[in-house]
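Chain by chain, the residues run as shown.
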Amino acid sequence: MKRILLGFFLALSVYLFFSPPCEGALPGSALEFEKRYRVEGSTPEGAAKLFFDAVFAYMDRNTRAEGTKMLTLAMNEKPGWDRRHTMKIFTDRMKSGKTAHIFKSYARGATPENGYAMDVNDYELVIERTNPDHPKGLQVYLRSGGADYPRVIYLRQINGLWFVTDPSTVKVEVRPPKQ
């Protein structure tokens, strides 16, 4: 019995030492994202943060394929969601360097005055309030440093995890960054 326990704790130690951290930096792969989602997606706040992690992964041309998979999970969508006509503005704005500031504006402290400076590996969303009584799901009001009013995303809980079901207002233009 002692050998089994010793072996288990040794294996767990090796796994924890060599596995990527579960919080903070952007996930490096869709597999890492899925592992984190099983834990952090159990709260609306965690699911919202992971959604933005996926957005930032998608925005980077080098990680776009993994970002697409991450967003597929975060929105509980089927593969190919990014080719739907209804998602065109959302995906176009994530791909364009000219509109990257829109998504960065949701990070605490990112404002037009500082050019929406933020670190995609270390940021915090500002959740102003939530409303659980909306027919579309839980409304989460996110503060943008470039908008006068908070923007709403909708989430639904499925099998204990929260998923963003309507992110349509996060792509809406904000004040341009100051040069």
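Everything that follows concerns the structure shown earlier in this document.
In this numbering scheme, every chain counts its residues from 1 along its sequence in written order. Totals for whole chains, interfaces and linings use every residue, but because this is a predicted model, local features are given only for residues with pLDDT of at least 70 and side-chain atom pairs only at 80 or more, for both listing and counting. The basis for every side-chain value is the complete set of heavy atoms in the structure, and neither hydrogens nor water enter the calculation.

Visitor: How do you make sense of the overall build of the protein when you look at a structure like this?
Guide: Numbering of helices and strands runs from the N terminus, with a helix taken as a DSSP run of H or I at least four residues long and a strand as a DSSP run of E at least two residues long. A count of helices and strands for the protein gives 6 helices and 4 strands. Along the protein, from the amino end to the carboxyl end, the secondary structure elements read α-α-α-α-α-α-β-β-β-β. Using a 1.4 Å probe on the protein chains alone, a residue whose accessible area is under 20% of its type maximum counts as buried, one over 50% counts as exposed, and one in between counts as partly exposed. Residues counted as buried form 43% of the 179 residues belonging to the protein. In the protein, the proportion of contacts linking residues at least 24 apart, taken out of those at least 6 apart, comes to 48%. Only carbon and sulfur atoms are counted for the fraction: they give 58% of the accessible area of the protein, which is about 10,400 Å². Note on contacts: a residue pair is in contact if any heavy atoms of the two residues lie within 4.5 Å. Per-residue and other accessible areas were derived by the Shrake-Rupley procedure at a 1.4 Å probe size, with only the shown protein chains allowed to occlude residues.

Visitor: Looking at this structure, I do not really get the packing of helix 2 (residues 30-40) against helix 3 (residues 44-59). What am I missing?
Guide: A pair of packed helices is characterised by two quantities: the angle between their axes and the separation of those axes. Look at helix 2 against helix 3: their axes get within 9 Å of each other, and the N-to-C directions meet at 160 degrees. Considered as vectors, helix 2 and helix 3 are oriented roughly antiparallel to each other. Remark: the crossing between helix 2 and helix 3 carries right-handed chirality. Contact residues: Phe33, Arg36, Tyr37 and Glu40 in helix 2; Gly46, Ala47, Leu50, Asp53 and Ala54 in helix 3. The angle between two axes is taken between their N-to-C directions and runs from 0 to 180 degrees, where each axis is a line fitted to C-alpha atoms and a helix contributes only its stretch in contact. Any angle between 65 and 115 degrees counts as roughly perpendicular, while under 35 counts as roughly parallel, over 145 as roughly antiparallel, and the rest as oblique. In this scheme, a crossing is called left-handed if the near helix is turned counterclockwise away from the far one by less than a right angle; it is called right-handed if the turn is clockwise.

Visitor: Hey, could you run me through the sheet that holds strand 2 (residues 137-142) in this one?
Guide: To summarise the sheet geometry, strands pair through backbone hydrogen bonds and adopt either a parallel or an antiparallel arrangement. Paired strands, in this sense, are two strands between which DSSP finds at least two bridges. Pairing within the open sheet is antiparallel, and its 4 strands lie in the order 1-2-3-4. Of all the strands in the sheet, just strand 1 (127-134) and strand 4 (161-166) have a single pairing partner and so form its edges. Averaged over all pairs of adjacent strands, the angle between strand axes in this sheet comes to 35 degrees, irrespective of strand direction. Across 5 bridges, strand 1 lies against strand 2 in antiparallel orientation. For Arg129, the partnering residue across the bridge sits in strand 2 and is Tyr141.

Visitor: Explain the nonpolar core here, please?
Guide: Looking at soluble globular proteins, one finds that nonpolar side chains tend to be buried together. In this description, a nonpolar core means a group of buried Ala, Val, Leu, Ile, Met, Phe, Trp, Tyr and Cys residues linked to one another through side-chain atoms lying within 4.5 Å. Core analysis: the biggest nonpolar cluster contains 43 residues, and Phe51, Phe52, Leu71, Phe90, Met94, Phe103 and Val170 have the highest contact counts within it. Within the residue set of this core, elements represented by two or more residues are helix 2, helix 3, helix 4 (64-74), helix 5 (88-95), helix 6 (100-104), strand 2, strand 3 (151-158) and strand 4. Every residue in contact with Phe90, bar those within four places of it in the chain, is listed here: Phe51, Val55, Met75, Trp81, Phe103, Val170 and Lys171.

Visitor: Just checking my understanding: could you explain the pairing of strand 3 for this structure?
Guide: Note that strand 2 and strand 3 share 5 bridges and pair antiparallel. The partner of Leu142 across the bridge, within strand 3, is Arg151. Two elements, strand 3 and strand 4, share 5 bridges in a ladder whose sense is antiparallel. Bridge pairing links Tyr154 to Asp166 in strand 4. The turn joining strand 3 and strand 4, which pair antiparallel and follow one another in sequence, is formed by 2 residues; a positive phi near 50 degrees is taken by Asn159.

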